[in-house]
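# Commentary on secondary and tertiary structure
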Amino acid sequence: MPQLSLTVNGKSHAVEVEGRTLLVELLREKLGLTGTHIGCDTSQCGACVVHVDGRSIKSCTMLALQAEGASVTTIEGLAKPDGTLHPMQEMFREHHALQCGFCTPGMVMSAIDLVQMHPDGLTEHEIREGLEGNLCRCTGYHNIVKAIAAAWPLMHGKQVPAAAE
Amino acid sequence: MGFEGIGASVRRKEDGRFLAGRGNYVDDINRPGQLYAFIRRADRPHARIRGIDTAAAAMAPGVHAVFTGKDIEADGLGGLPCGWQIHNKDGTPMAEPPHPVIAVGKVRHVGDPVAVVIAETRQAAKDAAERLVIDYEDLPGIANLRQAVAQGAAQVHDGVAGNICYDWHIGDKDAVDAAFGRAATVVKLDLTNNRLVPNAMEPRSAVGDHDAAGDYTLYTTSQNPHVIRLLMGAFVLHVPESKLRVVAPDVGGGFGSKIYHYAEEAIVTWAAGKLKRPVKWTAERNESFMSDAHGRDHESTAEMALDEQGNFLALRVRTLCNMGAYLSTFAPCVPTYLYATLLAGVYRTPAIYAEVKAVFTNTVPVDAYRGAGRPEASYLLERLADVIARDTGRDRVELRRQNFIPKDAFPYQTPVALQYDSGDYFATLDGALKAADWAGFEERRKQSAAKGKLRGIGMSTYIEACGIAPSHVVGSLGARAGLYEVATIRVHPTGSVSVLTGSHSHGQGHETTFAQIVAEKLGVPIAQVEVVHGDTQKIPFGMGTYGSRSLAVGGSAMVKAIDKVVAKGKRIAAHLMEASAEDIEFKDGKFSVAGTDRSKALAEISLAAYVPHNYPIEELEPGLDETAFYDPKNFTFPGGCHICEVEIEGDSGMARVVRFTAVDDIGRVINPMIVEGQVQGGVAQGVGQALMENAVYDANGQLLTGSFMDYTMPRAEDLPDITVGTESTMCTHNPLGSKGCGEVGAIGSPPAVINAVIDALRDYGVRHLDMPATPEKIWSIMQGGMQPGRPAMAAE
Amino acid sequence: MYEFTYHKPTSIADAVKLLGADADAKALAGGQTFIPVLKQRLNKPSAVIDLAGLGLSGIRAEGNRVVIGAMTTHHAIATSPDIAKAIPGLTTMAGWIGDTQVRHRGTMGGSLANNDPTACYPAAVLALNATIRTDKRSIAADDYFQGMFTTALEPGELITEIEFPLPVEKSAYAKFRNPASRYAMVGVFVAKSSAGVRVAITGAAQNGVFRHKEMEEALGKSWSPDAVAKIKTSPEALNSDIHGSAEYRAHLITVMAKRAVAAAG
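Residues numbered from 1 in each chain as written. Chains lettered and ligands numbered in written order. Predicted model: local features only at pLDDT ≥ 70, side-chain atom pairs only at ≥ 80, totals over all residues. Heavy atoms only, no water.

Let us look at the domain arrangement of chain C. Residue and element names in this part refer to chain C. One can read the domain layout of chain C as domain 1 (1–53) and domain 2 (56–264). For domain 1 versus domain 2, the separation of C-alpha centres amounts to 25 Å. Surface buried jointly by domain 1 and domain 2 totals about 1,000 Å² across both partners, of which 74% is contributed by carbon and sulfur atoms. Linking domain 1 to domain 2 there are 0 salt bridges. The interface formed by domain 1 and domain 2 includes 0 residue pairs in polar contact (both at pLDDT 80 or more). (Domains from an automatic or database assignment. Buried area = accessible area lost by both parts, 1.4 Å probe. Salt bridge = Lys/Arg side-chain N within 4 Å of Asp/Glu carboxyl O. Polar contact = N/O pair within 3.5 Å; in protein donor to acceptor, adjacent residues only side chain to side chain.)

Next comes the structure, spelled out in structure tokens:
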């Protein structure tokens, strides 16, 4: 079987995979990183979104071997070693942006990329458009949109948002 | 620590693990030595299986076993049971054809399991499944309701003539006929409630395990593990409860679709026993589309008789509903006791008669999906209300108000069996009109018109019956189970608390809400309260979570158990403080002797209970661990008013919801933040049903919407902000006063959306439009050509 | 997915050799369509040749042309200031493909090689009179698209670059998305350049992208939304499915053409 070297959440891995092994299968089954989920077969739902070299991608639509030499970040790699949550995770919690939690890892990874790609500001409309690759069946998206809007200033160091409530 | 009790928007305890990627969903579970199952499913709607050649598959690399329906039969397993029996008008029981775990003799819908391959890896199982050679003889398929009841239709099941599962009715036909005889006006409406695919984001999954002692464990994506243990153990595998543990860990959404006992659960558990290895199965999304129970799928005719003043005199309803190819666990009760009993709505219509015919088709089984029966009833009534207003030239708000059940009429006995305990439909209506700025709509309409958009506003004033349900009532209606709930409150020696609940959380936030009840009642910080659910080995029993029952029934069981803890604590405290138990008061986590400054904290009492050195041991057992079963006295009746505004693009016909306001009466609110989220999520599903979602079969029974490429799921950009408010009256018969909030969003919203679409199209003379209101349907109306609607049913 | 051998060559010559050596070998560009197809087991390649190592990614000016490497992602095109300045319609179009995550992986070359009848790029390439450069030759857009999933590419032939002639005076894209899949139900790309006015329609027709001559003529006379407002398209040969009939798609062609012309200014 082919060999693959990559970095996941800052840790180097050398593993054997089949040609057909998807990146998400490598993460979940070989590396035990089950925070990344699989919600569909057609690249629509976004439950599997991770960052590859800093960009959000659907790990169910990428071969593991395509990640040779890449740096991958998953939901497990966001919090600081002391457990401090990433501002996006914190705002998801603060704004009740998750219910069953299944879409949440992919949603958070997409949301972080969305905020990073908009350093000059992010409107509600842009947030809603920017989530087109992620499906949530529980929340109606209302609170996800609020959470991302609240995370934007925290991530760009602009200002502290008014406390929720 | 701020206030954490009832009424606080406490941030959720469960979020930490979900946000860190440490949730524990079934597909995350891997047992040592685990094998993988892949299910080969029927690719056609209806066929005789002439033979299955398993030889090549069995010899494929990594394969441990290939099983067909005959192997299941040979082991003496039962079929998948149905939990509810409806009786026909003539008193005979419904048709209840067998539902084999794996098809035997015939396949009856696309997705019906034909064989299972069990191998070392998922891919090996899937590779091998392609080597199965299945010799089919195609039979004519029944793809929809109309085909099912047509003269000379093919039969889905031998022995079920005309494909009729049951022909049922409720209400006083004579009284209704008499009222129609003297009516000033009769308004009639034909309408379809579209078929939906629940699509919880987590696909179903099951892991079966079997140990050396002969004990089985099933990890499954279930809303009610005890029910699965009961049904699978007693009816399918014939394994006693004591030898079967069912665990439903973190579950990624259910919306009804994970209530039922599915074939895959039985397959992996049985196969684990046969192969002495754990066996995992996880649905691919395409399998979810063809094997998760679908929702809705009704065609109805509704007629309202009115007097000259616009008072509702009588309602007559005929409904044809789809059961799919087999009876799913709760399916028969959905279009009967969860639908027709709600046809009074919020109105004082004195006479109601409904006939419901359930039919079999060669489609995926249909069962409860968020709201279950109640969205169908409210859609029918609230569309009808708007059509009555339109046809008789009345204001749609005033028509509703005029026919509301008055505030002082509670408890109100409807003509269709239910007795509403409380409600104030005027309050929710007025609250919603104000919050939505109904009065200011015309100005917004003009602004939209200036942009080339047609704007419309619509409302629904709906009710639901939930908190299911009093066991003796449902028993008399055909339920084969009780519908109480169970809770254990275990106060540990040092004062932390475990809540063992038979309710199951798959997004509802029970770990937080239930902890808040403990905080309120026992004065224990929620950080010291652990809510345990989803494991038959840990929890005494439980009926699970569906029908918005967790708080009203599960929460009430908790309160009952907490009351027992307090009662026992008082006796211990009385002993320790040498007072009479009657003089002990419990407040804010302290037992005190009335009129004195003597008190003991809960933790002191619990320590004494477990370290009974100074303890009334002759009269009281040690320990502080109480279990209660709570059987509700009645259903609960949330209700409210939803107001929707849509904008339609004048050129393409595309409708978008631009404003949505929900004001609901859900009784006592424990956590407003969670309630708001539940309502918003329900509304999103309702908007999805009204504008985009539709499960479509072609005339031959092939599912055309078999993936997210063709089945439209609402996305963030398809929805607006959803404004949620509450105007609550308390439930009068449970200790919390709570009614339930999980389904109101999906029940109240679809008619509000369609009413808004029709209102936007006011210049086009359209009276009705079936869901989903797709751009093309709306465009067709704007062309003045095709008038949507459907021809009369052949069966009528 | 069926098992296959994965190769990642580092030169075009090696890639072509690998593809030529095995009739069942398939090229992998961004994979955003191809990998889902493999997952559904609709294709059974013996080998998958990843083109990511060939240095085919990038956007550059070359005289009176913009040249885009075949492996350039939709995201790179959508966010390129040079493209935004030269061909704003292409910026819009690339930004509406799939979703952010798809745009991070999906490539222009992959889309063109596949020629899905509901893909967006074919409309841009045809309307902008682009030229497809391969390892062997250059193919004019008018000659390249040959029907649903069919192109002028020979077996084993690789797209290397796509060349867009400049200046483009006006360009815009309007898309009516399939509500479920987000592919184009109808996409209309309008462009005005020295080559004249060109209007290309994707998503609508059974045979894939096509030029709308009647609209081109009308816009050639008068560049305004009104010029196309009355032009009707025959529903014959248009797609009809659960999301829209051929008649509705025919109507949407006019609606989207008007919007595109309005957007182009």
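On we go from here.
Time to look at the domain arrangement of chain A. Frequently, the measure chosen for interface size is the accessible area removed from exposure when the parts meet. All names here are of chain A. The assigned domain composition of chain A is domain 1 (3–77) and domain 2 (87–156). Between the C-alpha centres of domain 1 and domain 2 the distance comes to 21 Å. Residue-level contacts link 18 residues of domain 1 with 15 residues of domain 2. Across the interface of domain 1 and domain 2, roughly 1,200 Å² is buried in total on both sides, 59% from carbon and sulfur atoms. Linking domain 1 with domain 2 are 0 salt bridges, by the criterion used here. Counting every contact that joins domain 1 to domain 2 gives 7 residue pairs in polar contact (both at pLDDT 80 or more). Going through the elements one at a time, β3 (49–52) and β4 (55–58) are the ones with two or more residues in the side of domain 1 that touches domain 2. For the side of domain 1 that touches domain 2, a count of residues per class yields 6 nonpolar, 10 polar and 2 charged. (Contact = heavy atoms within 4.5 Å. Helix = DSSP H or I, 4+ residues; strand = E, 2+ residues; numbered from the N terminus. Nonpolar A, V, L, I, M, F, W, Y, C, P; charged D, E, K, R; others polar.)

Closest axis-to-axis distance for the helix α20 (residues 775–782) of chain B/helix α12 (residues 246–264) of chain C pair is 11 Å, and the angle between their directions is 80 degrees. Relative to α12 of chain C, the element α20 of chain B lies roughly perpendicular. The segment α20 of chain B lies against α12 of chain C, with Pro 775, Glu 776 and Trp 779 of chain B engaging Glu 247, Tyr 248 and His 251 of chain C. Residues belonging to the contact of α20 of chain B with α12 of chain C are distributed by class as follows: 3 nonpolar, 1 polar and 2 charged. (Axes fitted to C-alpha atoms, helices over the stretch in contact; angles between N-to-C directions. Parallel < 35°, antiparallel > 145°, perpendicular 65-115°, else oblique.)

What follows is about the pairing of strand β5 (residues 65–69) of chain C. Residue and element names in this part refer to chain C. Counted residue by residue, β5 has 4 buried out of 5 residues, so it is predominantly covered. Two elements, strand β4 (residues 59–61) and β5, share 3 bridges in a ladder whose sense is antiparallel. If you follow Ile 59 over to β5, its bridge partner there is Ile 68. Remark: 3 residues form the turn of the hairpin made by β4 and β5, two consecutive strands paired antiparallel; Gly 63 in that turn has positive phi of roughly 60 degrees. As judged from the 5 bridges shared by β5 and strand β8 (residues 159–165), these two strands associate in the antiparallel manner. In the strand pairing of β8, Arg 65 is matched with Pro 165. (Buried < 20%, exposed > 50% of the residue type's maximum accessible area, 1.4 Å probe, protein only. Pairing = 2+ DSSP bridges.)

Our focus in this paragraph is the side chain of Gln 685 of chain B. Within the secondary structure, Gln 685 of chain B is located in helix α18 (residues 672–691). From its side chain, Gln 685 of chain B meets the backbone oxygen of Arg 137 of chain A in a polar contact 3.0 Å long. One polar contact links Gln 685 of chain B to Arg 370 of chain B, side chain to side chain, over a distance of 3.4 Å. Setting aside residues no more than four positions away along its own chain, Gln 685 of chain B makes contact with Arg 137 of chain A together with Phe 255, Tyr 369, Arg 370 and Glu 693 of chain B.

This next bit is on the packing of aromatic side chains. Residues and elements named next belong to chain B. Tallied over the entire structure, the rule returns 24 aromatic pairs over all chains. Between the aromatic rings of Phe 312 and Tyr 347, the centroid separation amounts to 5.2 Å while the plane-to-plane angle is 70 degrees, which identifies the pairing as edge-to-face. With Phe 312 in strand β14 (residues 312–324) and Tyr 347 in the loop between β14 and β15 (351–360), the pair connects residues that are 35 residues apart, well separated along the chain. Overall, the relative accessible area of 3% leaves Phe 312 in the buried class. With a centroid separation of 4.8 Å and an interplanar angle of 50 degrees, the aromatic rings of Tyr 420 and Phe 637 are classed as tilted. With Tyr 420 in strand β17 (residues 419–420) and Phe 637 in the loop between β25 (625–630) and β26 (639–649), this pair connects stretches of sequence that are 217 residues apart. No difference in accessibility class separates Tyr 420 from Phe 637, as the two residues are buried. Aromatic ring contacts, followed pair by pair, group Phe 312, Tyr 347, Phe 404, Phe 410, Tyr 425 and Phe 426 into a single cluster. In this arrangement the basic side chain of Arg 204 is found over the ring face of Tyr 262, its NZ or CZ atom lying 3.6 Å from the centre. Over the face of the ring belonging to Phe 180 we find Arg 316, whose NZ or CZ atom lies 4.1 Å from the ring centre. (Phe/Tyr/Trp six-rings, centres within 6.5 Å; stacked < 30°, edge-to-face > 60°. Lys NZ or Arg CZ within 6 Å of the ring centre and 35° of its normal.)

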